Amino acid sequence: MVPMQEHAMTKLLQRNFVELTSRMTKNEAMDEANRCLYCYDAPCIKACPTSIQIPNFIKKIASGNMKGSATTILEANPIGASCARVCPTEELCEGACVLNSSTKPIKIGELQRYATDWAMETGAQLFKKGESNGLKVAIIGAGPAGLSAARELSRFGYSVTIYEAESKAGGLGSYGIVSFRLPNEVADWEVEQIVKLGVNIQTNTTVGIDISAEDILAQYDSVILAVGMGAVPHLGIKGEDLLGVHDAIEFVKQTKVGALPTDLVGKRVAVIGAGNTAIDGATCAVRLGADNVKILYRRTQKEMTAYKFEFEFAKQDGVEFQWLTAPKKIIGNDAGEVIGIECVHMKLTEAGADGRQRPEEIAGSNFILTVDAVIKAIGQTRFVSLIEAFGLQHTNGVVDIDEMTMQTSNKKVFACGDVVFGNGQGEAMVVTAVQQGKDAAYKIHERLRKPSEIA
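Remember, predicted model here, so these are calculated numbers, not experimental data.

Within this model, the second largest pocket holds a volume of roughly 630 Å³. Along its surface, the second largest pocket is lined by 22 residues, and T21, A84, R85, T89 and E110 are the ones closest to its centre. At the level of secondary structure, the elements contributing two or more residues to the lining of the second largest pocket comprise helix 6 (80-86), helix 8 (108-122) and helix 15 (308-316). Here the lining of the second largest pocket takes four residues from helix 15, the largest share from any one element. Looking at the lining of the second largest pocket residue by residue, the class counts come to seven nonpolar, five polar and 10 charged. Each of two domains, domain 1 (18-122) and domain 3 (245-376), supplies a minimum of three residues to the lining of the second largest pocket.

What follows is about helix 9 (residues 144-155). In a regular helix each residue adds 1.5 Å, so 12 residues correspond to 16 Å; helix 9 covers 17 Å between its end C-alpha atoms and thus fits that length. Counting buried residues in helix 9 gives 11 out of 12 residues, a clear majority hidden from the surface. Along helix 9, the residues classified as buried are P144, A145, G146, L147, S148, A149, A150, R151, E152, L153 and S154. Just past helix 9, the residue G157 takes up positive phi, approximately 100 degrees.

Its 12 residues place the ends of helix 11 (residues 184-195) 17 Å apart at the C-alpha level, agreeing with the 16 Å of an ideal helix rising 1.5 Å per residue. All of the buried residues in helix 11 are V186, A187, W189, E190, V191, Q193 and I194. Close packing links the buried residues of helix 11 with helix 5 (66-76), helix 6, helix 8, helix 9, helix 10 (172-176) and strand 3 (200-202).

Quick look at the packing of aromatic side chains now. Enumeration according to the criterion identifies nine aromatic pairs in this entry. Taking the centre distance of 6.0 Å and the plane angle of 70 degrees together, the rings of F156 and Y442 count as edge-to-face. With F156 in the loop between helix 9 and strand 2 (159-163) and Y442 in helix 17 (residues 430-448), the pair connects residues that are 286 residues apart, well separated along the chain. Taking relative accessible area as the criterion, F156 reaches 30% and is therefore assigned partly exposed. We classify Y442 as partly exposed; its relative accessible area is 33%. Members of the aromatic cluster, joined through ring pairs, are Y297, F311, F321 and W323. The ring of F313 carries the charged tip of R181 above its face, separated from the ring centre by 4.9 Å.

Before going further, it helps to examine unusual backbone geometry. Backbone geometry at N204 places phi at a positive 55 degrees, although glycine is not the residue there. Along the polypeptide, N204 turns up in the loop between strand 3 and helix 12 (213-219).

With that settled, the discussion passes to the domain arrangement of the protein. For the protein, the assigned domains read domain 1 (18-122), domain 2 (136-228 + 383-453) and domain 3 (245-376). Look at where the C-alpha atoms of domain 1 and domain 3 centre, and you get two points 34 Å apart. Counting residues at the interface gives six residues for domain 1, matched by five residues for domain 3. When the two sides are added together, the surface that domain 1 and domain 3 hide from each other amounts to roughly 380 Å², 65% of it contributed by carbon and sulfur. Our count for the contact surface shared by domain 1 and domain 3 stands at zero salt bridges. Here domain 1 and domain 3 share zero residue pairs in polar contact (both at pLDDT 80 or more) between them. Along the lines of polarity and charge, the residues of the side of domain 1 that touches domain 3 split into four nonpolar, no polar and two charged.

Looking now at the sheet that holds strand 7 (residues 292-296). Strand order in this open sheet of five strands is 5-13-6-7-8, and the pairing throughout is parallel. The open sheet is flanked by strand 5 (245-247) and strand 8 (320-322), the only strands paired with a single partner. Strand after strand, the sheet turns through a mean of 25 degrees between neighbouring axes, direction not considered. Pairing of strand 7 with strand 8, which is carried by three bridges, proceeds in the parallel orientation. Bridge pairing in strand 8 places L296 opposite Q322.

Turning next to empty space enclosed by the protein. This model, assessed by the stated rule, comprises four cavities of 30 Å³ or more. By volume, the largest cavity is sized at about 130 Å³. If you go around the largest cavity, the residues you meet are L74, P78, A124, Q125, L126, F127, R151, W189, E190, Q193, I194 and L197. The element contributing the most residues to the lining of the largest cavity is helix 11, with four residues. Here the residues of the lining of the largest cavity are counted per class, giving eight nonpolar, two polar and two charged.

Reading guide: rules and limits
- All chains use their own residue numbering, which begins from 1 and follows the written sequence.
- Owing to the predicted nature of the model, reporting of local features is limited to residues with pLDDT of at least 70; listing and counting of side-chain atom pairs is limited to 80 or more, with chain, interface and lining totals taken over all residues.
- Excluding hydrogens and water, the side-chain figures rest on all heavy atoms present in the structure.
- Cavity and pocket criteria rest on a 1 Å grid covering protein atoms alone: a 1.4 Å probe that fits but cannot get out defines a cavity, protein on both sides within 12 Å along at least 5 of 7 lines defines an open pocket, and an atom within 4 Å of a point defines a lining residue.
- Grid points are joined across faces, edges and corners, and a volume is the space filled by probe spheres set on the points.
- By the criteria applied, helices consist of DSSP H or I runs no shorter than four residues and strands consist of E runs no shorter than two, each listed in order from the N terminus.
- Residues are sorted three ways: Asp, Glu, Lys and Arg are charged, Ala, Val, Leu, Ile, Met, Phe, Trp, Tyr, Cys and Pro are nonpolar, and all the rest, Gly among them, are polar.
- For every domain, the bounds stem from an assignment made automatically or drawn from a database.
- Multiply 1.5 Å by the residue count of a helix minus one, and that product is the helix's expected span.
- Relative accessibility under 20% of the residue-type maximum defines a buried residue, over 50% an exposed one, and the middle range a partly exposed one, all with a 1.4 Å probe and only protein chains included.
- Two residues form a contact once any of their heavy atoms are found within 4.5 Å.
- Stacked, tilted and edge-to-face are the three classes assigned to paired rings of Phe, Tyr and Trp, where Trp is represented by its six-membered ring and a pair needs centres within 6.5 Å; plane angles under 30 degrees give stacked, over 60 edge-to-face, the rest tilted.
- Working rule: Lys NZ or Arg CZ, within 6 Å of ring centre, within 35 degrees of ring normal, means a charge sits over the ring.
- Throughout, the accessible surface (probe 1.4 Å) given up by two parts as they are put together, summed over both, is called the buried area.
- Only one rule defines a salt bridge in this text: a Lys or Arg side-chain nitrogen within 4 Å of an Asp or Glu carboxyl oxygen.
- Residues adjacent in sequence count toward polar contacts only when both atoms are side-chain atoms; beyond that, a polar contact is any pair of N or O atoms within 3.5 Å, and within protein one must be able to donate a hydrogen and the other to accept it.
- By definition, two strands form a pair when at least two bridges between them are found by DSSP.
- Note on method: axes are straight lines fitted to C-alpha atoms, helices fitted across the in-contact stretch only, with angles between N-to-C directions ranging 0 to 180 degrees.

Spelled out as structure tokens, the structure:
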């Protein structure tokens, strides 16, 4: 494709990455807000990991108090504009709405977006930095957990520095959630609000390279590790080095930060895995012009880890699912390009430690799919070397913490977010990471206010 044609195609594809859901109109928001029963002891609040006072913010929309509504949301959830778009609300707040038994639940997520969009558009300054207490906290990672912790600590009066390896802050919001679900400007605005509170975010700074763990421990009164997770691990099969084999994390990131690639137009794509990242990779491939996209998963739909709404969305996008299918080899041509993938049918056997039935190959069931690209989405690696640089105990890269205090094996270091998720410890939702960031901030504040307990 010549440069002019490629530029025109890129512009055309960009339309596919515009946010899918439009915002409520004022009349729609008012009508929906007035449906709310404003329950006492509301179950929707209990279902929200950040405990947003949902009836309260909805009632303020109904009364026209938009600043009050946005403040109520963002007081509880510093990443509330993003969560309005990416939370599995049907499994959380809306799933708990009492109106499920009679009519239909309140559209809490859409109302939350309506209020936080007002805050973005008006430039309202809702929170202030607390009076300095002379103490310093370092946070490693500027994703939802790290940003949430930073916001709270700044309001308590701490001097907060976030060290971020990427070129911009935001973590999953800036790099890992598809832009047609979460536009960049939303994550950017949330970061900006936290910077306005005096938080110093040092981007392009990798701990262990640009600054050592030892220096950070020496310079700060406390440290929060909120680094998330890394790249997709290898499949461990032949052909992974061929042109056209993509890491799903990097694949989605490319659609967020640069010119959209045009090399998938008209192509056939296989996605390995069935989590939310796999869904994102598959739906991005569709929007990049792929002619056919198949998700291959070695278990069944029952065992897939993707949210239900993600699964339904992928099906609406025309993504095909092949259950009980595992890759054996990626096939290339003489030019080193992907031309196919050899797979094998699977069957499920006894349950493993995670409670899911184990997949087992069916002998002699090998077959070949003709594809032009493969996207790997089988989980993510852990930052083990960084964890060990701080001298922290961990289990397969999941940092061990005291769940009551959020402290690691080093009493000065706290951890939250994806770095403590896994091995059966909770669900890696954005909103859960946000709450853990808040919890870590509160626990640090509690500890540092009692010097006699600092060891």
